[in-house]
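As a plain string of letters, each chain reads:
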Amino acid sequence: MSSSDRIQYPRSTVACTMRWTNSHLHQFHINDQQYGEPDPYGGMTLINEKGIKLSSLLTGNIREFVYEYDFGDDWLHRVVVENVQDANPAWNGSLCVAVFARRWNVDQLERVNSARNQHTK
């Protein structure tokens, strides 16, 4: 990713991958802080994500964080940043090298949980 990428970049990447419209509330959990859009009702205390560069948050050994989407369904995504560098002037944006996503229906979840339970006995 580019050192100039804003915190919204991973949100757009996940939404594109999952075919979502970014129409639900979300937050980023980075280094024991929560970032997102300000809550209009005041129920959540989030740091306003607008204008924040990811490179300013991913300091030291911090190279991964959690992106939470749709607080009713609680979709949690682990985001791992492998490299941060200055932007290439010939490119407009960043390169996402891999996205792993899986949608599960109820039957699939029941089979996975059943198999997991058998292995832990």
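The rules behind these values
Residue numbering note: each chain is counted from 1, following its sequence as written. Only residues with pLDDT of at least 70 get local features here, since the model is predicted, and only at 80 or more are side-chain atom pairs given and counted; chain-wide, interface and lining totals rely on the full set of residues. Excluding hydrogens and water, the side-chain values take into account all heavy atoms of the structure. Every helix listed is a DSSP run of H or I at least four residues long, and every strand listed is a run of E at least two residues long, numbered separately from the N terminus. Three exposure classes are used, based on accessible area relative to the maximum for each residue type with a 1.4 Å probe and protein chains only: buried under 20%, partly exposed in between, and exposed over 50%. The contact rule is simple, with two residues in contact once any of their heavy atoms fall within 4.5 Å. Only the protein chains shown count as covering a residue, and every accessible area follows the Shrake-Rupley method with a 1.4 Å probe. Polar contact criterion, stated in full: a pair of N or O atoms within 3.5 Å, where within protein one must be able to donate a hydrogen and the other to accept it, and residues adjacent in sequence count only if both atoms are side-chain atoms. By definition, two strands form a pair when at least two bridges between them are found by DSSP.

Trainee: How should I be thinking about the overall build of the chain in this particular structure?
Mentor: In terms of helices and strands, the chain carries three helices and five strands. In the chain, buried positions account for 28% of the 121 residues. A separation threshold of at least 6 residues defines the contact pool for the chain, and within that pool the share at least 24 residues apart is 59%. Summing over all exposed atoms, the chain offers an accessible surface of approximately 8,800 Å²; the carbon and sulfur share of this is 48%.

Trainee: When you look at the side chain of E68 in this model, what are you seeing that I'm missing?
Mentor: Its place among the elements puts E68 in strand β4 (residues 64-69). Side chain to side chain, E68 and H29 meet in a polar contact 2.8 Å long. Discounting chain neighbours no more than four positions away, the residues touching E68 are L25, H26, Q27, H29, D74, W75 and L76.

Trainee: I tried to follow the sheet that holds strand β2 (residues 33-36) on my own but got confused; where do I start?
Mentor: Whenever strands of a sheet pair, they do so through backbone hydrogen bonds, lying parallel or antiparallel. On the basis of which strands lie adjacent, the open sheet formed by five strands has the order β3-β2-β1-β4-β5 and mixed pairing. Strand pairing shows two members of the sheet lacking a second neighbour, β3 (47-48) and β5 (75-80), which therefore form its edges. Bridging between β2 and β3 involves two bridges; their strand directions are parallel. By the bridge assignment for β3, Y35 is matched with I47.

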